[in-house]
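Topology and contacts: notes
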Amino acid sequence: MKLTRCFFIILALMVLAGCAQTQAGEPMRVYGQAKTVVPTGYSMIGSTTVSVLPNTVNIPVEGMYPYQRWHSEIYGMGDSYVIVQKMVFTNQFYRFKALVGPTQEMWGSGWRKGDYTLSAETTDAEYAKYFACIREKGGQLAPLYKVTMFDQKVTPAVVARVISLTPTQVGGVAAMPSFNDLYQYYEYGNGFGGSGNS
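Here we summarise the structure given alongside this text. (Residues numbered from 1 in each chain as written. Predicted model: local features only at pLDDT ≥ 70, side-chain atom pairs only at ≥ 80, totals over all residues. Heavy atoms only, no water.)

Observations regarding the pairing of strand β7 (residues 103–106)
Selection criterion: At least two bridges found by DSSP between two strands is the condition for calling them paired. A helix here means a DSSP run of H or I that spans at least four residues, while a strand means a run of E at least two residues long, and both kinds are numbered starting from the N terminus.
In this sheet, strand β8 (residues 109–119) lies alongside β7 in antiparallel orientation, the contact comprising four bridges. In the sheet register, E105 faces β8, and the bridge partner there is G110. Between β7 and β8, which follow one another and run antiparallel, lie two residues, and W107 among them has a positive phi close to 55°.

Written out as structure tokens, the structure reads:
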């Protein structure tokens, strides 16, 4: 009897574990109302956290640096990849400004959309870390990628982003902008909900 009960408990845990991992082709929540769908045929190869340093001039507390982190899941199929990310602005003194650029309805909500190119040998510190993670996981990389980026400001302190990397041999599209070219900030106040822009 105890053995049977133990078997069912293990089976239930396996089912729960399976349900917890989003399968390709199924809707997944990035943050809040921001959702995406990983294309069918892709599988998760790993996750990583990448720190970036926003271009802020005045740091209100001496010795405090506003490093922020992209929490990322990387899905791959051959040498194509989709990176699903969220950034929760933990620094209490700054908030995201509105994202500027053309938008498109995707996955049930509006996202800013951009098309770029990106070399797998990029010297941009942020993007180089994603490629390094892919290499560490045994992934194949093409020399040049077409990038389709979708991002949205979910709240003043949260941005969700989806980056699709597809191998290409054709340039002619703008290079992927750096973090500080894509995201600007405003000073939120004194850290206790002081005056600021939305």
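Continuing now.
Examining the environment of D79
Rules: Between buried and exposed lies partly exposed: a residue is buried under 20% and exposed over 50% of the maximum accessible area for its type, with that area taken using a 1.4 Å probe on protein chains only. Note on contacts: a residue pair qualifies if any of its non-hydrogen atoms lie within 4.5 Å across the two residues.
Positionally, D79 belongs in the loop between β4 (68–77) and β5 (80–88). For D79, a relative accessible area of 28% gives the class partly exposed. Taking C-alpha positions, D79 is 9.6 Å from Y145, a pair spaced 66 residues apart along the chain. Setting aside residues no more than four positions away along its own chain, D79 makes contact with Q140, L141, A142, Y145 and P167.

Some remarks on the pattern of salt bridges
Inclusion rule: Any carboxyl oxygen of Asp or Glu within 4 Å of a side-chain nitrogen of Lys or Arg constitutes a salt bridge here.
Per the stated rule, a full pass over the model turns up four salt bridges. Its salt-bridge partner being R112, residue D151 comes within 2.7 Å of it at the nearest N-O pair. Residue D151 is located in strand β9 (residues 144–155), and its partner R112 is located in strand β8; the two are separated by 39 residues in the primary sequence. Classification of R112 as buried rests on a relative accessible area of 8%.

Things to note about the nonpolar core
Looking at soluble globular proteins, one finds that nonpolar side chains tend to be buried together. Convention followed: The term nonpolar core refers to a set of buried residues drawn from Ala, Val, Leu, Ile, Met, Phe, Trp, Tyr and Cys, joined through side-chain atoms within 4.5 Å.
Of all hydrophobic cores here, the largest spans 33 residues; its most connected members are W70, L165, M176 and Y183. Of the residues forming this core, the biggest block, five residues, is contributed by helix α2 (residues 125–136). Beyond its immediate sequence surroundings of up to four residues, Y183 is in contact with W70, F96, L99, R112, M149, D151, V159 and R161. Counting residues in each nonpolar core, the second largest holds 15 residues, with V38, Y75, V84 and F150 among its members.

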